[in-house]
Amino acid sequence: QVQLVESGGGLVQPGGSLRLSCAASGSISSINVMGWYRQAPGKQRELVARIIRGGTANYADSVKDRFTLSRDNAKNTVDLQMNTLKPEDTAVYYCNALIRTDVYWGQGTQVTVSS
């Protein structure tokens, strides 16, 4: 069993910052890809950012230049630094990982951007 545990969500004012963290534990040999998805009310789940083992990160156009994704391969963790947050960023954020040939999801953490 593999478990993804998320933390760092909450309420923040527009223009503020939050940092989301995700830690993977369990039967892990190698994490090929880790990243974050989000789902707003009435919307389909969408990719926010993902990073491969070598360190190359990809971002959705809506968050590029505002969000930064990083990972620690030794500790099996990934962080999403979110700056200049906008109300449209409000969503449930889900950690995602490709481990071996299997895909895993965290339980989700709420991010609300409101004045």
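Residues numbered from 1 in each chain as written. Predicted model: local features only at pLDDT ≥ 70, side-chain atom pairs only at ≥ 80, totals over all residues. Heavy atoms only, no water.

**Points about the pattern of salt bridges**
Per the counting criterion, the structure on display carries three salt bridges. Two residues, aspartate 89 and arginine 38, come together in a salt bridge whose shortest N-O distance is 3.0 Å. One end of the pair, aspartate 89, is in the loop between strand 8 (77-82) and strand 9 (91-99); the other, arginine 38, is in strand 4 (residues 31-39), with 51 residues separating them in the sequence. Of the two residues, aspartate 89 and arginine 38, both sit in the buried class. Residues aspartate 89 and arginine 66 are paired through a salt bridge, measuring 2.9 Å at the closest nitrogen-oxygen approach. Of the two residues, aspartate 89 is situated in the loop between strand 8 and strand 9 and arginine 66 in the loop between strand 6 (57-59) and strand 7 (67-72); the sequence distance between them amounts to 23 residues. Both residues of the pair, aspartate 89 and arginine 66, count as buried. Connected via shared salt-bridge partners are Arg38, Glu46, Arg66 and Asp89. (Salt bridge = Lys/Arg side-chain N within 4 Å of Asp/Glu carboxyl O. Helix = DSSP H or I, 4+ residues; strand = E, 2+ residues; numbered from the N terminus. Buried < 20%, exposed > 50% of the residue type's maximum accessible area, 1.4 Å probe, protein only.)

**Overview of the nonpolar core**
In terms of nonpolar packing, the biggest core is built from 28 residues, with Trp36, Val48, Phe67, Val78, Leu80, Met82 and Tyr93 touching the most fellow members. Sorting the residues of this core by element identifies strand 1 (2-7), strand 3 (18-26), strand 4, strand 5 (46-52), strand 7, strand 8, strand 9 and strand 11 (109-113) as the ones contributing at least two each. Considering each element in turn, this core owes the most residues, five residues, to strand 9. (Core = buried A, V, L, I, M, F, W, Y, C linked by side-chain atoms within 4.5 Å.)

**Details of the environment of serine 70**
Tracing the sequence through the fold places serine 70 in strand 7. Put simply, serine 70 and isoleucine 99 are 29 residues apart on the chain and 17 Å apart in space, counted from C-alpha to C-alpha. In contact with serine 70, not counting residues within four places along its chain, are Ile51, Thr77, Val78 and Asp79. (Contact = heavy atoms within 4.5 Å.)

**Some words on the side chain of arginine 66**
Of the residues examined, arginine 66 reaches a relative accessible area of 9% and is grouped as buried. Within polar-contact distance, the side chain of arginine 66 engages the backbone oxygen of threonine 84 at 2.9 Å. Arginine 66 has contacts with Gln81, Met82, Asn83, Thr84, Leu85, Lys86 and Asp89, leaving out every residue within four places of it along the chain. (Polar contact = N/O pair within 3.5 Å; in protein donor to acceptor, adjacent residues only side chain to side chain.)

**Here's the deal with the sheet that holds strand 8**
Note on sheets: strands pair through backbone hydrogen bonds, and any given pair is parallel or antiparallel. Taken in spatial order, the four strands of this open sheet run 1-3-8-7, and their pairing is antiparallel. Sheet topology places strand 1 and strand 7 at the edges, where each strand pairs with a single neighbour. Shown here is a sheet whose adjacent strand axes are inclined to one another by a mean of 15 degrees, direction ignored. Relative to strand 3, strand 1 is paired through six bridges, and the arrangement is antiparallel. (Pairing = 2+ DSSP bridges. Axes fitted to C-alpha atoms, helices over the stretch in contact; angles between N-to-C directions.)

**Some remarks on the packing of aromatic side chains**
Inspection of every chain in the model, using the stated rule, returns one aromatic pair. Note on tyrosine 37 and tryptophan 105: the rings are 5.0 Å apart at their centroids and 65 degrees apart in plane angle, and the pair reads as edge-to-face. Residue tyrosine 37 is found in strand 4, and its partner tryptophan 105 is found in strand 10 (residues 102-105); the two are separated by 68 residues along the sequence. A cation over a ring is seen here: arginine 45 above tyrosine 94, with NZ or CZ 3.8 Å from the ring centre. Stacked on the ring of tryptophan 105, the Lys or Arg arginine 45 has its end atom at 4.7 Å from the ring centre. (Phe/Tyr/Trp six-rings, centres within 6.5 Å; stacked < 30°, edge-to-face > 60°. Lys NZ or Arg CZ within 6 Å of the ring centre and 35° of its normal.)

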